[in-house]
Amino acid sequence: MTSVPNSKIVSSYTPRHIGLALGGGMARGFAHIGVLKVLKKYNIQPGIVAGTSIGALAGGSYLTNQLDELENWALSLNRFKVFSYLDFKVRSPGLIGGDRLEKVMKKYFDGMDIEALPHPFVAIAADLATGHEIWLRKGNLIEAMKASFALPGVFPPVERNHRQLVDGALVNPVPVSVCQALGARLTIAIDLHADMIGKNVKPGESYQTIAGFDVFNEADVPKEEQKLFKSSGFAKRLFRREEGKASLFGVMVSALGIFQDRITRSRLAGDPPDIHIKPQIGHIGMLEFERAEELIKLGEEAAEKMIPDIKIAMDVLLPKTADDPEFVDIPPQD
């Protein structure tokens, strides 16, 4: 593999020729932070960003220059804090209303529209009625990100232009095709499910990792805060894990993970990226948000390994100037 000097990569390419496809994966999405930090370190500047689910959140943070804020917030999370963001709704299209999470998002993205971002951005969602893949390229940034991570049954659908929109991971978990359609000459994909199957549970092992979120575990939640959890019978039914069994919520999320893995393989076979970054995070549950530090580090490690390949791909695929006969511009937004 070609070595890369310690100095930052400097190229005459136009940033808009690099597309970045950020995949979905719930808590595992914090690995995106590590990947983006490494790309920044080597002065690799994606100019087309497409994100699915938490990938949309990471992409929005990158384009609004708030990746550090996302990292600080992620590192501050523990099981108690995650639980405090969950506003349970009994009579609702979703178990969680999402209002508390929206308040957090408004601290960083309030009043921002996608059209005002420095580069094209697309949040991927799915039409609940038709199953169509929806590309959100205009309008309120928070609304687009919420639609992209609106996991059916967990978060309520987001209404947009008379459509009920849900998690884009149902149709395009790693949106390489979107970057290519917008004119990217080189597409970098971050796949959060590449090593999932067979890594979560070993023979004879309990369902610790599958459940991935046990708020009644006293190992990292103070006892005085445990009382808040245990006072909620609804939370017990959702998250309580009996010995040797997964919780209800754990089963739902693990099933989604299997579905995403299979869809991802199919979509990437048809639309392969030029660079496929695959953080080795299959051992971390999709609800283990408290493991952000480890996820970020693993994202960094995966990206560092691919830097030589990215440099070669840039030299081969990217036009050096706008006069290049192979120059491809980005289609105007519709």
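Residues numbered from 1 in each chain as written. Predicted model: local features only at pLDDT ≥ 70, side-chain atom pairs only at ≥ 80, totals over all residues. Heavy atoms only, no water.

1. Describing the packing of helix α3 (residues 67-75) against helix α12 (residues 292-317)
Put simply, α3 and α12 touch, their axes get as near as 8 Å, and they point 135 degrees apart. The orientation of α3 relative to α12 falls into the category oblique. Residues Glu71, Ala74 and Leu75 of α3 form the contact with α12, whose own contacting residues are Ala292, Glu293 and Ile296. Among the residues forming the contact of α3 with α12, the class breakdown is four nonpolar, no polar and two charged. (Axes fitted to C-alpha atoms, helices over the stretch in contact; angles between N-to-C directions. Helix = DSSP H or I, 4+ residues; strand = E, 2+ residues; numbered from the N terminus. Parallel < 35°, antiparallel > 145°, perpendicular 65-115°, else oblique. Contact = heavy atoms within 4.5 Å. Nonpolar A, V, L, I, M, F, W, Y, C, P; charged D, E, K, R; others polar.)

2. Thoughts on the pattern of salt bridges
Evaluated as defined, the whole model comprises 13 salt bridges. Here Glu133 ties to Arg267 by a salt bridge, and the two come within 3.1 Å at their closest N and O atoms. Residue Glu133 is found in strand β4 (residues 133-136), and its partner Arg267 is found in helix α11 (residues 248-270); the two are separated by 134 residues along the sequence. Given the relative accessible area of 26%, Glu133 is considered partly exposed. On the basis of relative accessible area, Arg267 is assigned to the partly exposed category, the value being 23%. (Salt bridge = Lys/Arg side-chain N within 4 Å of Asp/Glu carboxyl O. Buried < 20%, exposed > 50% of the residue type's maximum accessible area, 1.4 Å probe, protein only.)

3. Regarding the environment of Ala21
Mapped onto the secondary structure, Ala21 falls in strand β1 (residues 18-22). In this structure Ala21 comes out as buried when scored by relative accessible area, which is 0%. Considering only alpha carbons, one finds Ala21 and Ser177, 156 residues apart in sequence, at a separation of 8.6 Å. Each residue touching Ala21, except ones within four places of it in the same chain, is listed here: Ala50, Val174, Pro175, Val176, Cys179, Ile188, Ala189 and Ile190.

4. What to know about unusual backbone geometry
Phi at Asn65 takes a positive value of approximately 60 degrees, unusual for a residue other than glycine. Counting through the fold element by element, Asn65 comes out in the loop between α2 (54-63) and α3. By relative accessible area, Asn65 is classed as exposed at 64%. Despite not being glycine, Asn161 has its phi angle at roughly 50 degrees, a positive value. Note on placement: Asn161 falls in the loop between β5 (158-160) and β6 (163-167).

Treat this as a map of the structure, not an account of what it does.
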